[in-house]
Amino acid sequence: MSQINKLKIFNDPIYGFITVPNALIYDLIQHPYFQRLRRISQMGLSYLVYPGANHTRFHHALGCMHIMQKAVESLRFKGVSISVEEENALYIAILLHDIGHGPFSHAMESSIVEDVHHEAISLLFMQQLNKEFEGKLSLAIQVFKGEYHRKFMLQLISSQLDMDRMDYLKRDSFYSGVSEGNVNSERIIQMMNVVDDVLVIEEKGIYSVEKFLMSRRLMYWQVYLHKTSLVAESILTKILKRAKELTLKGEELKASSPLSFFMHHKVTMETFDAETLNLFSKLDDFDIISALKSWQDHPDFVLSSLSKMIINRDLLKIKLSSEKISSEDLLPLKERVVSEYGISLTEANYFIFRGKIKNQAYSKEAEPIRILKKDKTIEDIVDASDQLNFKSVSKFVTKYYICFPKQLL
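Residues numbered from 1 in each chain as written. Predicted model: local features only at pLDDT ≥ 70, side-chain atom pairs only at ≥ 80, totals over all residues. Heavy atoms only, no water.

### Digging into helix 1 (residues 23-30)
Selection criterion: Relative accessibility decides the category of a residue: with a 1.4 Å probe and only protein chains considered, values under 20% of the type maximum give buried, values over 50% give exposed, and everything between is partly exposed. Only DSSP runs of H or I covering at least 4 residues are called helices, and only runs of E covering at least 2 are called strands; the numbering of each starts at the N terminus. Contacts between residues were defined by any pair of non-hydrogen atoms, one from each residue, lying within 4.5 Å. Whenever a nitrogen or oxygen atom comes within 3.5 Å of another N or O atom, the pair is scored as a polar contact, on the condition that within protein one atom can donate a hydrogen and the other can accept it, and that pairs from neighbouring residues in sequence are kept only if both atoms are in side chains.
Taken as a whole, helix 1 has its buried residues at Leu24, Ile25, Tyr26, Leu28 and Ile29. Looking at the buried residues of helix 1, the elements they touch are strand 1 (9-12), helix 2 (32-35), helix 3 (57-77), helix 4 (84-95) and helix 6 (118-132). Measuring from the backbone nitrogen of Leu24 back to the side-chain oxygen at the start of helix 1 gives 3.2 Å, which picks out Asn22 as the cap.

Written out as structure tokens, the structure is:
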């Protein structure tokens, strides 16, 4: 039997050709856990706003690995020693950093699983793969958990200027058509260096970092926190909650067997065993969308109405406000829904609800982005920047919203 050529090339619309660096990475990409990411949208329901935003988490993970290759190359060129084992650990950790995302991840984390976050599931997948690959992922897991002594390696995977953010801003900007997010990741990577095992950006790269943070802020307002995406995700969360509520009352809802399992069981981090992980690995966007298609015709008014909203993109109305909205403000609207739809006050909560969103492009509390000055001193980007409005990027902006049926206008 001939040996399969594992040094493959992917053609990526953002970076051109992406090469698979070695056979182990190829085998990880080929694994069903990773192939599942082809069936999970990177931007959830954003395609209801930006029709081009249909790219997948598979795309994104490969892009992250590609720019990690560029970062390793750039740092080595500057004399930073990175062993072959460390290099491989960086590629594996960044490739698998999002493997724990479920379909429409944020809606799912708030409904049918309880406080089980995708980072924790990513780690469970990595540990399972490590068993299958006979310990070859051990160093990558150590780096991913922040337990490896070389701090800059974790910063490349998870920080305020990591490969993950650099890829998703550029990629989401490209596919959504929102050009404000198009960051110059190549320039930032060329400006990276390591001092005392900590990641720094050389001073001449400061404008690229400023642009990166401004782009992140704009992408959050224009894309990730766009009000239509926000209301769509809230409706999906409500649908999954309602489906779980009905299932636990003994109603049989049409759903794939993996989705059915999560609707029938209380799933927490403590109960997330190997069998649960196996079922989770079989869940993707198609399970959710096909469930919504059949739930449109369910006799339960709440479930069928909300499912139709997503399928036909006929959503609730959403209004944003800088003022806090009290539960008393919602009561008259709820009473109208009760009388118009003939439903209970509890059921009215599915159609009328409030929430809040926060946007902060740069956090002073988190690990700072460090600028290496020409005199070899190191400064936080906020202090090093001469942009007067730059401090606004690190400010927390909170907006409040209310969702309700259009007919109540």
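### Quick notes on empty space enclosed by the protein
Where we set the bar: Grid points spaced at 1 Å and placed over the protein atoms alone form the basis of the search, with a cavity being a set where a 1.4 Å probe fits but cannot get out and a pocket an open set showing protein on both sides within 12 Å along at least five of seven lines. Lining residues have an atom within 4 Å of a point. Grid points are joined across faces, edges and corners, and a volume is the space filled by probe spheres set on the points. As a working rule, the residues Ala, Val, Leu, Ile, Met, Phe, Trp, Tyr, Cys and Pro are called nonpolar, Asp, Glu, Lys and Arg charged, and the rest polar, with Gly in that last group.
One pass over the full model with this rule turns up two cavities of 30 Å³ or more. In this structure, the largest cavity occupies an estimated 90 Å³ of space. Lining the largest cavity, in full, are Gln155, Ser159, Gln160, Leu161, Leu199, Val200, Ile201, Glu367, Pro368, Ile369 and Arg370. Here the lining of the largest cavity gets three residues from one element, more than from any other, and that element is strand 4 (residues 198-202). Within the lining of the largest cavity, the residues separate by chemical class into six nonpolar, three polar and two charged. In this structure, the second largest cavity encloses a volume near 50 Å³. What lines the second largest cavity is simply Gly100, Gly102, Ser105, Met108, Glu109, Val113, Val116, His118, Ile121 and Phe280.

### Comments concerning the pairing of strand 9 (residues 397-404)
Looking down a regular strand, the side chains alternate between one sheet face and the other. Using the following cut-off: Two strands qualify as a pair provided that DSSP identifies no fewer than 2 bridges between them.
Sheet analysis places strand 5 (residues 317-321) next to strand 9, joined by five bridges and oriented antiparallel. Bridge pairing links Ile318 to Cys403 in strand 9. By the bridge criterion, seven bridges tie strand 6 (residues 353-359) to strand 9 in an arrangement that is antiparallel. In the sheet register, Arg354 faces strand 9, and the bridge partner there is Ile402.

### A word on the pattern of salt bridges
Filter applied, for reference: Salt bridges are defined as contacts in which a side-chain nitrogen from Lys or Arg sits within 4 Å of a carboxyl oxygen from Asp or Glu.
The full count for this structure, using the stated rule, is 23 salt bridges. A salt bridge links Glu147 to Lys145; the nearest nitrogen and oxygen atoms lie 3.8 Å apart. The exposure class assigned to Lys145 is partly exposed, which follows from its relative accessible area of 40%. The salt bridge involving Arg242 is made with Glu347; its shortest N-O contact spans 3.0 Å. With a gap of 105 residues between them, Arg242 in helix 12 (residues 227-248) and Glu347 in helix 18 (residues 345-348) connect regions that are remote in the sequence. Classification of Arg242 by relative accessible area gives buried; the value is 4%. Salt bridges linked by common partners bring Arg242, Glu245, Lys249, Asp300 and Glu347 together as one network.

So yeah, pure geometry; function would need other evidence.
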